[in-house]
Amino acid sequence: MTPILEAKNLSLFYGQKQALFDVSFPFEEHAVTALIGPSGCGKSTLLRCMNRMNDLIPNCRIEGNLLFKGKDIRDCDAVSLRKDIGMVFQRPNPFPKSIYDNIAYGPKVHGIKNKNTLDEIVEECLKKAVLYDEVKDRLHESALGLSGGQQQRLCIARSLAVNPEVILMDEPCSALDPIATAKIENLIGDLQKEYTVLIVTHSMQQAARVSDITGFMYMGKLIEYGETPQMFSCPQNELTEKYITGRFG
Amino acid sequence: MRKITNWKESGIRGVWFTSALFASLAVIFILGYLLITALPAFLEVGIFEFLFGAEWNPTGSTPSYGISALIVGTLLVTAGAMLIAVPLGLLTAVFLAYVAPKKLRDAVKPAVELLAGIPSVVYGFFGMLVLCSFLQRTLDIPSGFSWAAASVLLGIMALPTIVSVSEDALSAVPKDFREASLGLGATRFQTISRVLLPAAASGISAAVVLGMGRAIGETMAVMMVAGNSAIIPSPLWDILSPIRTLTATLGIELAEVSAGSMHYHALFGIAVILLVITLLVNLASRFVTKRIEQGKALFVLPSLPSLPFRISPRITEKAAFAGIYLGTFAVLAVLAVILGNIFINGIPAVTWEFLTESPKDLGRAGGIFPAIIGTLELVFGAILIALPIGIGAAVYLNEYAGSSRITSLLRTGIDLLSGTPSIVFGVFGFAFLVLFLGWGISLLAGMICLALMILPTIIKTTEEALKAVPQSLREASFGLGATRSQTILQVVLPAAASGIITGAVLSLGRAAGETAPIMFTAVVFSKRFITSDLFEPVMALPFHLYVLTTSVPNTEPQQYATAVVLICLVAVFYIAAAVLRRKLQKNLS
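Every chain is numbered independently, its residues counted from 1 as its sequence is written. A letter from A marks each chain and a number from 1 marks each ligand, given out in the order of writing. Given that the model is predicted, a residue must reach a pLDDT of at least 70 before its local features are reported, and side-chain atom pairs must reach 80 or more before they are shown or counted; all residues, however, enter totals for whole chains, interfaces and linings. Think of the side-chain values as coming from all heavy atoms in the structure, minus any hydrogens and water.

### A word on the overall build of chain A
For chain A, the count of helices and strands is ten helices and ten strands. Relative accessibility decides the category of a residue: with a 1.4 Å probe and only protein chains considered, values under 20% of the type maximum give buried, values over 50% give exposed, and everything between is partly exposed. Burial status across chain A gives 54% buried among its 249 residues. At a minimum sequence separation of 6, the contacts of chain A that also span at least 24 residues come to 67%. Note on areas: Shrake-Rupley with a 1.4 Å probe; residue coverage comes only from the protein chains shown. Of the accessible surface of chain A, which amounts to about 10800 Å², a share of 48% is contributed by carbon and sulfur atoms. Secondary structure is summarised from DSSP: a helix means a run of H or I of at least four residues, a strand means a run of E of at least two, and numbering begins at the N terminus for each. Note on contacts: a residue pair qualifies if any of its non-hydrogen atoms lie within 4.5 Å across the two residues.

### Some remarks on the sheet that holds strand β1 (residues 5-14) of chain A
Residues and elements named next belong to chain A. Taken in spatial order, the four strands make up an open sheet running β2-β1-β4-β5, and their pairing is antiparallel. One side of each edge strand has no neighbouring strand; the edge strands of this open sheet are β2 (17-27) and β5 (71-72). Should DSSP find at least two bridges between two strands, the strands are taken to pair. In this sheet, strand β4 (residues 60-68) lies alongside β1 in antiparallel orientation, the contact comprising eight bridges. Bridge assignment links L5 to a residue of β4, and that residue is F68. Relative to β1, helix α1 (residues 43-50) is tilted by about 115°, and along the sheet it contacts β1, β2 and β4. Where helices are involved, their axes are fitted lines through C-alpha atoms of the stretch in contact, as for all axes, and angles between N-to-C directions lie from 0 to 180°.

### Description of unusual backbone geometry
For the bond running from S234 of chain B to P235 of chain B, omega is -5°, close enough to zero to count as cis. Looking at the secondary structure, you find P235 of chain B in the loop between α10 (220-225) and α11 (246-253). Positive phi is not limited to glycine here, since E171 of chain A has a value of about 45°. Residue placement: E171 of chain A occurs in the loop between β7 (166-170) and α7 (178-191). Residue classification places E171 of chain A among the buried residues on the basis of a relative accessible area of 8%. Unlike most non-glycine residues, D361 of chain B shows phi in positive territory, near 50°.

### Describing the environment of L153 of chain B
All names here are of chain B. Position of L153 among the secondary structure elements: in helix α6 (residues 147-171). Overall, L153 belongs to the buried group, its relative accessible area being 1%. As a C-alpha pair, L153 and Y123 span 30 residues in sequence and 6.9 Å in three-dimensional space. Excluding residues that lie within four positions of it along the chain, L153 makes contacts with Y123, G124, G127, L131, A221 and V225.

### Considerations on the domain arrangement of chain B
Residue and element names in this part refer to chain B. What fixes the domain bounds is an automatic or database domain assignment. Once the domains are mapped, chain B shows domain 1 (72-297 + 315-349) and domain 2 (366-589). One C-alpha centre belongs to domain 1, the other to domain 2; they are set 24 Å apart. At the junction of the two partners, domain 1 supplies 37 residues and domain 2 supplies 35 residues. For the pair domain 1 and domain 2, the two sides together bury roughly 3000 Å², of which 80% comes from carbon and sulfur. Residue D415 pairs with R286 through a salt bridge whose shortest N-O separation is 2.7 Å. Buried area, as used here, totals the accessible surface that two parts lose on assembly, with accessibility defined by a 1.4 Å probe and the loss added over both. We count a salt bridge whenever a side-chain nitrogen from Lys or Arg sits within 4 Å of a carboxyl oxygen from Asp or Glu.

### Notes on the nonpolar core
In plain words, nonpolar cores are sets of buried Ala, Val, Leu, Ile, Met, Phe, Trp, Tyr and Cys residues tied together by side-chain atoms within 4.5 Å. Residues L34 and L378 of chain B are the most contacted members of the largest nonpolar core, which totals 227 residues. With 15 residues, helix α18 (residues 443-467) of chain B is the single largest residue contributor to this core. Two domains each donate at least three residues to this core, and these are domain 1 (72-297 + 315-349) and domain 2 (366-589) of chain B. Ignoring sequence-local partners within four residues, the contact set of L34 of chain B consists of F268, A271, V272, L275, V424, V427 and F428 of chain B. By size, the runner-up hydrophobic cluster in this structure holds 44 residues, among which are I103, I121, M169 and V210 of chain A.

### Concerning the packing of aromatic side chains
Residues and elements named next belong to chain B. For Phe, Tyr and Trp, where Trp contributes only its six-membered ring, two rings pair if their centres lie within 6.5 Å, and the inter-plane angle classes them as stacked under 30 degrees, edge-to-face over 60, or tilted in between. Inspection of the entire model under this criterion finds 25 aromatic pairs over all chains. Judged by centre distance (6.2 Å) and plane angle (70°), the ring pair of W56 and Y65 falls under edge-to-face. A single burial state applies to W56 and to Y65, both of which are buried. Arranged with centres 5.8 Å apart and planes meeting at 70°, the rings of F95 and Y325 form a pair that is edge-to-face. Taken as a pair, F95 in helix α3 (residues 68-99) and Y325 in helix α13 (residues 313-346) lie far apart in primary sequence, 230 residues in all.

### Here's the deal with the pairing of β4 of chain A
All names here are of chain A. Two elements, β4 and β5, share two bridges in a ladder whose sense is antiparallel. Bridge pairing in β5 links L67 to D72. Connecting β4 to the next strand, β5, in antiparallel fashion are two residues, including K69 with a positive phi near 50°.

### Thoughts on the pattern of salt bridges
Tallied over the full model, the rule gives 25 salt bridges over all chains. Of the charged contacts in the structure, one is a salt bridge between E194 of chain A and K128 of chain A, with a shortest N-O distance of 3.3 Å. Here the residue E194 of chain A occupies a position in the loop between α7 and β8 (196-200), and K128 of chain A occupies one in helix α4 (residues 115-128), the gap between them amounting to 66 residues. The partner of E167 of chain B in a salt bridge is K109 of chain B, with the nearest N and O atoms 3.0 Å apart. You can see E167 of chain B sitting in helix α6 and its partner K109 of chain B sitting in helix α4 (residues 102-117), a full 58 residues away along the chain. Several salt bridges share partner residues, and in doing so they unite R105, K109, E167 and D168 of chain B into one network.

### Description of the interface of chain B and chain A
Listed by partner, the interface residues are 19 residues for chain B and 27 residues for chain A. For the pairing of chain B and chain A, the buried interface totals around 2000 Å² over both sides, and the portion due to carbon and sulfur atoms is 59%. If you sort the residues of chain B by the area they bury against chain A, E179, L184 and R194 of chain B come out on top, with a joint share of 31%. Counting the contacts that link chain B with chain A gives three salt bridges. Note that R91 of chain A and D176 of chain B form a salt bridge whose closest N and O atoms lie 3.1 Å from each other. Those elements that place two or more of their residues in the side of chain B that touches chain A are α7 (175-183) and α8 (188-199) of chain B.

Printed below as a string of structure tokens:
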């Protein structure tokens, strides 16, 4: 089976400074892949390469290949790439619009105008993000009135609304309390049936709980990756073992 | 001992409070004085006839005092100006906030701000010499002095306000929104138009209203290019028709009216109406901003009718970015044309004699030395009056006042003062200082009018400087047992000095370019000798340029040279402000 996303000898530079070194990593479809590693190891940078969010940073360039369904992402149109590869950010960032409009925004920019279709999309996405029951009576109130955890689930629902194939999550729970975190983690498990999820996380427990595959990064290099239970029970690399057992990080 | 300290404390507090009160009382007094002087006209003519009467002919054998054509003129000129300034301004603001790389932005932003620094009389001068004759030649019409010319000029003048205020609003939109939208696969333009612009809506509407206020209140530039026939264009959309605004009527007629006549009272009626219009605009802007901030959109934009086919976002994107680049380019081109024209024609005529001699033969020969000195005397006098009051008011508002009723009243007063068109200060000064107090056309009257005009700016910049002083400094001072007034005088004000001085110097630049407040109160066209007698009239650069341009034929080289000197003088103040800010900040840290 060919992986849906694949990094081949990927290096990334911010001006003179190299942030990723020769990373090769196949990401399997319908799996949850977690990237772990200490702060500044390049895991978020790698994630942001996938849908070319790094394009927004001046002087940033990549070498090597990053393939989406076998096609180099630099040959893809950045806009349609981001439609196929959605992203959930570290801090919940709902637009200052109503809950409904937050979710309808994506479909609208992609040309859907029919009110009924939009209504259906909004309801479906909120249900998928397990938020519908909490907000169904106030869909037209401001999204900024939601709690942090609800806002993050709204952001996930918002990214589902453009029907992506891959969802990138950049430490989606780092700004949330444990209960909200548990809800998001459950949600990630559900999403796996329909989507491919890549999650960057600080928390090894979280990686162990939600992911099928885990990659460990250190100083811009991918040290090793493998099936999550394998990685956590008997890592191959000494560095990985030290990190997992909490001896540094 | 303790008692004395308290006395002293409340005494000092009283001084600050009085300063703050002064600004508000000044507005009430000006409004009241104008109203009382206008009353005979309102009573005699009847308020309805005054507002809606079709004919303005105060000097006819049967004089008529209907100002409807002037009100319509003001509204049309302003609307035309906004039609030009809002789209261009927004495109430029978007370019600066989201499109331009940092280096380009750092070059374009000051250039746009430079447009704001050009004195309005220089715009008028450029309009008369270049814009109107261009219109006349290209459209082959009898005269280029028209609604169109006035709107173009006012549009250019309103641009910098709209650009810089909306750019601030756009830059303040959290970066998260942008990433979230792009992350959903929206194009850059979709992100800008559907997320970023709506998120900055309150700031942008404030920008538009400020620009509108500037256009409504402008006198000199409009008066010099609008043709000034008191008629309603017929048909109403005839943009080549001459037109006359409320401000221009005051500028043209006040100097020649005999005091106490019905015509005189009617002119004050116009000033009152002008003030009321600006007041309404200010109130409307507050209302709109508040509604938008509370998340209640005032106007729900109807969604565009769906086209039978979908234009690909890619094409929209291309078109939109082309628009953004073109808009910004147009703004820069305007600046280049204006400055280029003036400097190329003006520099050769700026000679040593021109700078150091008195004018001869109605300004056709000799120089403008007395005008340079007169302008400097006026602006430094104005700042000496405005600075202590402004600092006092700002200290009271920022350091003492809570959010009480009185504070909000004081703030409203200061807001009103800052929204007052500059010619209103001139009209007030003429009636009260020159005629009623019997000072005559005098240096002191001009200083006071300019001081009133710059007072709100000084209060605002001082307040910003005070807000930037870290609370920890105040706490440290209180912690050592210092009183509030000691803390303010010895810790807070020195720490805020760089901001306060910068604000003051910027105000000097603004005052130096103003004509409307001084033309009835302080200046004469020609004066052989330099005077520093406060009760003597002086010459001033902007007024000199105005009279040369409008009334003395065959003085083009002198006009250009005067414009160059005036622009340079204003620029010196702006540059000085920038240098001072950098230097003083360094000394502090």
